Amino acid sequence: MRRVLTALLIATLAVSLSGCGAGLNAETRKLKQVTDGVEATVNTDGNNIKVVNLLVVETAEGAGVLVGTLVNSLDQEDALLGVAINGQIASLTGSNVLVKNKPVIFEGPSANIKAVVPILGAKAGQRVQVTMFFARAGEVTVQAIIRDQRDDYAGITA
C-alpha cells in the first residue's frame, strides 16, 4: 500500500511541477516565435501579406538595417510605400512591389530591397517598433529585436 501511495504522489508531483496540468491555455503553449525575427500578417480588408522573420541589425556606425521577408498571397499586387524603424523613416532602395507569391527580401544573397535608418538610436538586444506602410493593405507595426553585426549578420551593411 505504501508503494502505491508513493507512486501516486510522484505522479501527481511530476504533473504539477512540469506544467502538464496547466491546461490548453498554458503560457508555454502560446509561444510561436522560433527565431529572433518577429512575424505578422496583414489580412484585413481582403489583404494577405505575411511579414516573416523581421529584425533590425545595428551596424558598427550605429545605423539600423532591416532584415526579413514580405510575401503577398493575393492575385492583386500591393506596394511597400515606406518603413519606419524606431520612429524614423527608413530609406528604401530596390523593388517595393509585392507580386503574388514573389517574396520581397531585405538582406541576404536573394535580397531585392534594402531599408536603412542612418541612426538607429537603440542597441543590440533591445526591441524597436517597426512600421511598414502598404499601398492597399494599410500598415502593420511590430516590435522587432535588434541584433548586432556579427555571426549570421556580419555581412550586413548600411
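Residues numbered from 1 in each chain as written. Predicted model: local features only at pLDDT ≥ 70, side-chain atom pairs only at ≥ 80, totals over all residues. Heavy atoms only, no water.

K.L.:
Mind showing me how you'd approach the side chain of D78 here?
P.N.:
Along the chain, D78 falls in strand β4 (residues 78–85). Among buried Asp, Glu, Lys and Arg side chains, D78 stands out as unpaired, with R136 the closest opposite charge at 4.8 Å. In this structure the side chain of D78 is engaged in a polar contact, spanning 2.8 Å, whose partner is the backbone nitrogen of R136. Of note is the side chain of D78, whose polar atom sits 3.0 Å from the backbone nitrogen of A137. (Helix = DSSP H or I, 4+ residues; strand = E, 2+ residues; numbered from the N terminus. Buried < 20%, exposed > 50% of the residue type's maximum accessible area, 1.4 Å probe, protein only. Lys, Arg positive; Asp, Glu negative; His and termini not counted. Salt bridge = Lys/Arg side-chain N within 4 Å of Asp/Glu carboxyl O. Polar contact = N/O pair within 3.5 Å; in protein donor to acceptor, adjacent residues only side chain to side chain.)

K.L.:
Sorry if this is basic, but what is going on with the pattern of salt bridges here?
P.N.:
Side chains carrying opposite charge are able to pair once their charged atoms draw close together. A full pass over the atoms with the stated rule returns five salt bridges. Here E58 and K123 are joined by a salt bridge, their closest N and O atoms 3.4 Å apart. With E58 in strand β2 (residues 49–58) and K123 in the loop between β9 (113–117) and β10 (127–134), the pair connects residues that are 65 residues apart, well separated along the chain. Judged by relative accessible area, E58 falls into the buried class, the value being 11%. Look at K123 and you get exposed, because its relative accessible area is 54%. Measuring nitrogen to oxygen at the nearest pair gives 2.9 Å for the salt bridge that ties K100 to D75. Of the two residues, K100 sits in the loop between β7 (97–98) and β8 (104–106) while D75 sits in the loop between β3 (64–72) and β4, which places them 25 residues apart along the sequence. Linked through salt bridges whose partners overlap, the residues forming this network are D148, R150 and D151.

K.L.:
Is there a simple way to explain the environment of V42 in this structure?
P.N.:
Within the fold, V42 resides in strand β1 (residues 38–42). Sequence spacing of V42 and N72 is 30 residues, and the spatial spacing of their C-alpha atoms is 9.4 Å. In contact with V42, other than residues within four places in its own chain, are N47, N48, I49, F134, A137 and V140. (Contact = heavy atoms within 4.5 Å.)

K.L.:
Sorry, what's going on with the pairing of β2 here?
P.N.:
Counting buried residues in β2 gives seven out of ten residues, a clear majority hidden from the surface. Sheet analysis places β1 next to β2, joined by four bridges and oriented antiparallel. Along β2, the bridge assignment pairs T41 with K50. Following β1, the chain reverses through six residues before pairing antiparallel with β2; D45 in that reversal takes a positive phi of roughly 55 degrees. Inspection of the sheet shows β2 paired to β3 by eight bridges, in the antiparallel sense. Within the sheet, the bridge partner assigned to L55 lies in β3 and is V67. (Pairing = 2+ DSSP bridges.)

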